[in-house]
Each structure stands twice: as C-alpha cells, then as structure tokens.
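Observations on the three-dimensional arrangement
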Amino acid sequence: GFNMLLQLTIGREMEKSIGSIRFFLVYISAGIFGFVMGGNFAATGIASTGASGSLFGIIALTLLDLLYTWKERQRPWVDLTWIALDVVISFVLGLLPGLDNFSHIGGFLMGLVAGICILHSPAALRKRIKQDEPPYTPIQSKFNDGVPVNSGVSNFLKSPIGFFKGRKPLWWAWWLIRAAALAAVFAVFIVLLNNFY
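The notes below deal with the structure included here.

What counts, and at which threshold
- Throughout this description, residue numbers start from 1 for each chain and increase along the sequence as written.
- It should be noted that, the model being predicted, local features are given only for residues of pLDDT at least 70 and side-chain atom pairs only at 80 or more, the latter also being counted only at that level, while totals for whole chains, interfaces and linings use all residues.
- Where side-chain values are given, they derive from all heavy atoms of the structure, hydrogens and water being excluded.
- Only DSSP runs of H or I with at least four residues qualify as helices, and only runs of E with at least two residues qualify as strands; both kinds are numbered from the N terminus onward.
- Only heavy atoms matter for contacts: two residues are in contact if any of them lie within 4.5 Å across the pair.
- Two aromatic rings from Phe, Tyr or Trp, using only the six-membered ring of Trp, form a pair when their centres are within 6.5 Å; if the ring planes differ by under 30 degrees the pair is stacked, by over 60 it is edge-to-face, and anything between is tilted.
- Over a ring means this: the NZ of a Lys or the CZ of an Arg is within 6 Å of the ring centre and within 35 degrees of the ring normal.
- Put simply, a nonpolar core is a bunch of buried Ala, Val, Leu, Ile, Met, Phe, Trp, Tyr and Cys residues held in one set by side-chain atoms that sit within 4.5 Å of each other.
- Only protein chains enter the area calculation, which uses a 1.4 Å probe; residues under 20% of their type maximum are buried, those over 50% are exposed, and those in between are partly exposed.
- Each polar contact in these results corresponds to two N or O atoms within 3.5 Å; when the atoms are within protein, one needs to be able to donate a hydrogen and the other to accept it, and residues that are neighboring in sequence are counted only if both atoms are side-chain atoms.
- Axes here refer to lines fitted to C-alpha atoms; in helices the fit is confined to the stretch in contact. Angles between the N-to-C directions go from 0 to 180 degrees.
- Roughly parallel means an angle under 35 degrees; roughly antiparallel means over 145; roughly perpendicular covers 65 to 115; every other angle is labelled oblique.
- By definition, turning the near helix anticlockwise from the far helix through less than a right angle yields a left-handed crossing, and turning it clockwise yields a right-handed one.
- For this classification, the nonpolar set comprises Ala, Val, Leu, Ile, Met, Phe, Trp, Tyr, Cys and Pro, the charged set comprises Asp, Glu, Lys and Arg, and every other residue, Gly included, is treated as polar.
- The length a helix should cover is 1.5 Å for every residue beyond the first.
- Salt bridge, as used here, is a side-chain nitrogen of Lys or Arg placed within 4 Å of a carboxyl oxygen of Asp or Glu.

Our focus in this paragraph is the environment of Val36. Tracing the sequence through the fold places Val36 in helix 2 (residues 20-41). Separated by 160 residues in the primary sequence, Val36 and Phe196 have C-alpha atoms spaced 7.5 Å apart. Sequence-distant contacts of Val36, defined by excluding residues within four places in its chain, comprise Phe189, Leu192 and Leu193.

Encoded structure:
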C-alpha cells in the first residue's frame, strides 16, 4: 500500500518532469539491480518480489533532482525532509519478515547512478559553465507553436562533432564522472550476477 502511494505521487511527478523514456530506464534498471543485490545478500530461502527496488531508484532520482536544483526551490529543506521520511518508512517496513532491504539499497544505488547519467547537469554547474540544456523531451523532436524543438539526442545524431564543440573543461569533467559512475555500477552488477550464479 505504501509503495503504491509513493509510486502514484513521487513516481508520477518524476515521470512528468523527465519524460517516460528516462523514467522507464531508471525504474527498470533500479528494479533489476535491486533484485540482483537482494539475491546476493538477503537471507537464504526468502523470496523477493515487488517493485520496491524500482521505487527506491525513483526516490534516489527525486533526491538528485532536489540537490541539482536546490537554490531554485522555494522550500528545499521541506522537500528533503519528505524524501528522508519516505526512505526511513520504507527501510523500517523492509525489516518486516519477507521484505528485502537489500533490494531497497540496490535500487537506491542504481537510481543514483542512473540519475547522474541521464538527468541534466546540476543547475550550479550549468551556471558556472554558462551553458544551458534544452528542456526534457522525448527522443523524437517535438513541435512548440509550429516550431520544431530538438532534443539533445537528435542534436547529437545530426552532428556528433558539433555536439562536443566549444564545451568547457568543467563540462568534460562532469561527463567523465558520469561515464565512471556508469562503468563502476556495470562492473558491480557483473560481479554480483556472477556471485549469485
């Protein structure tokens, strides 16, 4: 019941904010990673079902979004308190017999990494490098008042070299952090999967 409530509130808002494709990628990857982590560390003979790993991935995404836009929020401490409360309640519920906190932890970790990889850069970084990013859009182009609005993906596909032209060192550093986070979580996933089998 509590998980469903979180999905209908936090999940719905996050999907509206970042679009269905990004939401889907985080939701699915967090769920898979959570189950694999639970399979490695949960007590023997305990079945693990449900979408709590995916849900924790979305909570991690919400936390990242809050941290990225902290100065632009009206009441960031209130938002942070609600997120912390959601995490605490979910972890307490995870202590009940038959529930798996390891899948919660795995989903949360994967949500953080996936969020770092797919969310826009933090607002403070964008301000420092004086480079804004287009609003979140689906993969295909949208039309706004008859004028096509291209996503970053379509801009990259049209001109891969042009996409990287004129980027500042801080931008490159952030992309290296993203690549390193993705490589690290992929390596951990392979190790956990190998260990499970």
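What follows concerns the packing of aromatic side chains. Applying the stated criterion to the full structure yields 8 aromatic pairs. Clustering of aromatic rings is evident, with ring pairs tying together Trp171, Trp172 and Trp175. The ring of Trp175 has Arg178 sitting right over it, with the charged end atom 4.7 Å from the ring centre.

This brings us to the nonpolar core. The biggest cluster of nonpolar side chains holds 25 residues, and the ones touching the most others in it are Ile58, Ile59, Leu61 and Phe108. At 10 residues, the largest contribution of residues to this core is made by helix 3 (residues 52-68). Among all residues touching Phe108, those that are not within four sequence positions of it are Phe56, Gly57, Ile59, Ala60, Leu63 and Val87. Formed by 9 residues, the second largest nonpolar core is a distinct cluster that contains Val36, Met37, Val113 and Ala181.

This next bit is on the side chain of Asp65. Mapping Asp65 onto the fold places it in helix 3. A distance of 3.0 Å separates polar atoms of two side chains, one belonging to Asp65 and the other to Arg73. Setting aside anything within four residues of it in sequence, one finds Asp65 in contact with Met14, Arg73 and Leu119.

For the rest of this paragraph, the subject is the packing of helix 2 against helix 9 (residues 169-196). A pair of packed helices can be characterised by two numbers: the angle between their axes and the separation between those axes. Between helix 2 and helix 9, the shortest axis-to-axis distance is 9 Å and the interhelical angle comes to 45°. Here helix 9 runs oblique to helix 2, going by the angle between their axes. Two packed elements cross with a definite hand, and for helix 2 against helix 9 that hand is left-handed. Taken together, the residues of helix 9 that come into contact with helix 2 (itself represented by Ile32, Phe33, Val36, Met37, Gly39, Asn40 and Phe41) are Val185, Val188, Phe189, Leu192, Leu193, Asn195 and Phe196. Here the residues of the contact of helix 2 with helix 9 sort into 11 nonpolar, 3 polar and no charged.

Glancing now at helix 3. Compared with an ideal rise of 1.5 Å per residue, which puts 17 residues at 24 Å, helix 3 spans 24 Å between its outermost C-alpha atoms and is within 8% of the ideal. Extensive coverage of helix 3 is indicated by the burial of 16 of its 17 residues.

Pairs can form between side chains of opposite charge once their charged atoms are near each other. Under the criterion given, the structure shown has 3 salt bridges. In this structure, Arg12 engages Glu13 in a salt bridge whose closest nitrogen and oxygen atoms are separated by 3.0 Å. Under the relative-accessibility criterion, Glu13 is labelled partly exposed at 43%. Note that Asp65 is salt-bridged to Arg73, the shortest N-O span being 3.0 Å. A relative accessible area of 17% means that Asp65 is categorised as buried. The network of salt bridges with shared partners includes Asp65, Arg73 and Asp79.

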